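What the coordinates show
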Amino acid sequence: MEKTYIMLKPDAFKRGLVGKIVSRIEAKGYRILEAKTLQLDEGILKEHYAHVADKPFFPEIVEYMTSGPVLAMIVQGNNCIDGMRMLMGATKTEEALAGTIRGDFANSTGENLIHGADSAEAAEIEIARFFGR
Ligand code: IDP
Ligand code: MG
């Protein structure tokens, strides 16, 4: 059974969508193995978002992702790494289909409610990064 790293971003808390989003994950049949709120800082974001750290929008990501708590989760389930990416929807807001979390609840590419690891390697690294193992 696969495990993946999922993180609800600060807008999920600000907009009162944490319960709705967690419900969708559970409704799919995935289990929340662990969950905790965290306050991120620029250092961990430079690590976590290293692949976009040189983009012009990176300062906005830091401002957004440090603007309040995030919900860090280890999610387990059959094919849940790709499956969670499908539940989340596309990164670009104009490509996020209705029926997905981003497609239904977000209308900004930057502030898009949820992060999910995009491969088995990333899941392992991100679980270690945020849960220390
Ligand atoms: P992902 O979250 O769908 O995996 P990534 O390409 O890994 O997307 O980008 C990480 C995060 O950076 C996105 O979730 C989003 O918050 C932000 N981001 C990515 N591309 C853009 C952009 O073009 N404008 C603003 N923010 C972006
Ligand atoms: Mg990504």
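See the structure printed just above.
This report concerns the structure included in the present document.

Cut-offs and rules
- Residues numbered from 1 in each chain as written.
- Chains lettered and ligands numbered in written order.
- Predicted model: local features only at pLDDT ≥ 70, side-chain atom pairs only at ≥ 80, totals over all residues.
- Heavy atoms only, no water.
- Buried < 20%, exposed > 50% of the residue type's maximum accessible area, 1.4 Å probe, protein only.
- Helix = DSSP H or I, 4+ residues; strand = E, 2+ residues; numbered from the N terminus.
- Arc of directions from axis to C-beta.
- Contact = heavy atoms within 4.5 Å.
- Salt bridge = Lys/Arg side-chain N within 4 Å of Asp/Glu carboxyl O.

1. Focus: helix H4 (residues 58–65)
- Taken together, the buried positions of H4 are Phe58, Ile61, Val62, Tyr64 and Met65. Projection of H4 onto a plane perpendicular to its axis shows the buried side chains occupying an angular sector of 165°, all on one side. What points out from H4, more than 90 degrees from its buried face, is the exposed set Pro59, Glu60 and Glu63.
- Buried residues belonging to H4 abut strand E1 (2–8), helix H1 (10–14), helix H3 (42–48) and strand E3 (70–77).

2. Some words on the pattern of salt bridges
- Overall, the coordinates contain 3 salt bridges when judged by the stated rule.
- Arg24 is paired through a salt bridge with Asp104; the nearest N and O atoms lie 2.9 Å apart. A residue pair is termed long-range when its members are at least 10 positions apart, and Arg24 in helix H2 (residues 18–27) and Asp104 in helix H6 (residues 101–105) qualify at 80 residues.
- By relative accessible area, Arg24 is classed as partly exposed at 27%.
- For Glu42, the salt bridge is made with Lys46, and the minimal N-O distance between the two is 3.4 Å.

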